Amino acid sequence: METQVFGGEPREARPARPVMRAMTLGFRGKCPHCGEGKLFSSFLKTVDRCETCGEEMHHHRADDLPAYLVVLVVGHIVVGAFMGIEAASTLSTWQHLAIWIPLTIFSALALIRPIKGAVVGLQWANYMHGFGGEDDLLESHPET
Ligand SMILES: [Zn+2]
């Protein structure tokens with residue numbers, strides 16, 4: 001019976017990067033490698049390179065995952081809270097709107113940056129998208 005090999009050629013062993021530490025540092029807006037440098041140069045734009053340790057951050061491909069996770073988290077909190085308050089009170093529709101719309105907007109804005117940092121930390125810890133030294137574009141599209 002022939003052995004099937006998935007995922008291409010085996011790579012040489014690389015040192016394990018602690019995932020939870022990297023995600024926690026990213027969540028706090030710090031470089032997942034050294035924990036000292038800033039991860040973001042503006043609200044959601046990551047730095048190209050860590051100013052402290054020089055780790056390149058432009059490899060990340062967080063894409064839509066942070067927004068998806070924010071919708072998932074905020075949606076469950078706000079909808080659950082709305083349903084609880086609705087069942088226990090007699091608030092009118094405009095009172096509900098006055099509570100839940102600002103809470104939703106504030107929560108989403110407060111969470112998007114930390115969650116994006118955690119996603120970048122996750123990608124860094126798993127050597128994804130060029131964080132391992134390979135060119136991500138050549139890997140996924142060898143014909144280009
Ligand atoms: Zn760093």
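Here we summarise the structure given alongside this text. (Residues numbered from 1 in each chain as written. Predicted model: local features only at pLDDT ≥ 70, side-chain atom pairs only at ≥ 80, totals over all residues. Heavy atoms only, no water.)

**Section: the overall build of the protein chain**
Summing up its helical and strand segments, the protein chain has 4 helices and 0 strands in all. Secondary structure elements in the protein chain, listed N-terminal to C-terminal, are α-α-α-α. Looking at the protein chain residue by residue over its 144 residues, the buried ones come to 29%. Looking at the protein chain alone, contacts between residues at least 24 apart form 55% of all its contacts between residues at least 6 apart. Accessible surface computed for the protein chain: about 9700 Å², of which carbon and sulfur atoms make up 63%. (Helix = DSSP H or I, 4+ residues; strand = E, 2+ residues; numbered from the N terminus. Buried < 20%, exposed > 50% of the residue type's maximum accessible area, 1.4 Å probe, protein only. Contact = heavy atoms within 4.5 Å. Areas by Shrake-Rupley, 256 points an atom, 1.4 Å probe, with all protein chains shown as cover.)

**Here we look at the environment of Met23**
In this structure, Met23 sits in helix H1 (residues 19–27). Beyond its immediate chain neighbours, meaning those up to four positions away, Met23 contacts Ala118, Gly121 and Leu122.

**Observations concerning the nonpolar core**
Membership of the largest hydrophobic core is limited to 11 residues, which are Ala22, Cys31, Leu39, Phe40, Val47, Cys50, Met57, Val120, Trp124, Ala125 and Phe131. When residues of this core are assigned to their parent elements, the largest contribution, 3 residues, is made by helix H3 (residues 93–125). Discounting chain neighbours no more than four positions away, the residues touching Val47 are Lys38, Leu39, Phe40, Ser41, Met57 and His58. Judged by nonpolar contacts, the second largest core, of 8 residues, contains Ala62, Val70, Ile112 and Ile115. (Core = buried A, V, L, I, M, F, W, Y, C linked by side-chain atoms within 4.5 Å.)

**Things to note about unusual backbone geometry**
Despite not being glycine, Asp63 shows a phi value in the positive range, around 50 degrees. Positive phi is not limited to glycine here, since Tyr127 has a value of about 55 degrees. Mapping Tyr127 onto the fold places it in the loop between H3 and helix H4 (136–140). Looking at Tyr127, the relative accessible area reads 15%, which means it is buried.

**Some thoughts on the coordination of the zinc ion**
Summarising the metal site, the zinc ion is bound by the protein donors Cys31 (SG), Cys34 (SG), Cys50 (SG) and Cys53 (SG), whose distances to it range over 2.2 to 2.3 Å. Taken together, the 4 donor atoms coordinating the zinc ion span angles of 108 to 112 degrees at the metal, a pattern that classifies the geometry as tetrahedral. Of note, the zinc ion draws all its donor residues from one chain, in the sequence arrangement C-x2-C-x15-C-x2-C. Of this pair, Cys31 sits in the loop between H1 and helix H2 (65–88) while Cys53 sits in the loop between H1 and H2, placing them 22 residues apart in sequence. Under the relative-accessibility criterion, Cys31 is labelled buried at 0%. (Donors = N, O, S within 2.8 Å, 3.2 Å for Na, K, Ca; no water. Tetrahedral: all angles 85-135°; square planar, octahedral: opposite > 155°, others 65-115°.)

**Structural notes on the packing of H1 against H3**
The angle between the axes and the distance between the axes are what describe a pair of packed helices. For the pair H1 and H3, the least separation of the axes is 6 Å and the interaxial angle reads 150 degrees. Seen along the crossing, H1 lies across H3 with a hand that is right-handed. In this structure, H1 uses Val19, Ala22, Met23, Gly26 and Phe27 to contact H3, whose residues at the interface are Pro114, Ile115, Gly117, Ala118, Gly121, Leu122, Trp124 and Ala125. Residue composition of the contact of H1 with H3, by class: 10 nonpolar, 3 polar and no charged. (Axes fitted to C-alpha atoms, helices over the stretch in contact; angles between N-to-C directions. Left-handed = near helix turned anticlockwise from the far one by under 90°. Nonpolar A, V, L, I, M, F, W, Y, C, P; charged D, E, K, R; others polar.)

**Thoughts on the side chain of Gln123**
Mapped onto the elements, Gln123 comes out in helix H3. For Gln123, a relative accessible area of 5% puts it in the buried group. Polar contacts involving the side chain of Gln123 include one to the main-chain amide nitrogen of Arg61, which spans 2.8 Å. The contacts of Gln123, once residues within four sequence positions are left out, are His60, Arg61, Ala62, Met128, His129 and Phe131. (Polar contact = N/O pair within 3.5 Å; in protein donor to acceptor, adjacent residues only side chain to side chain.)

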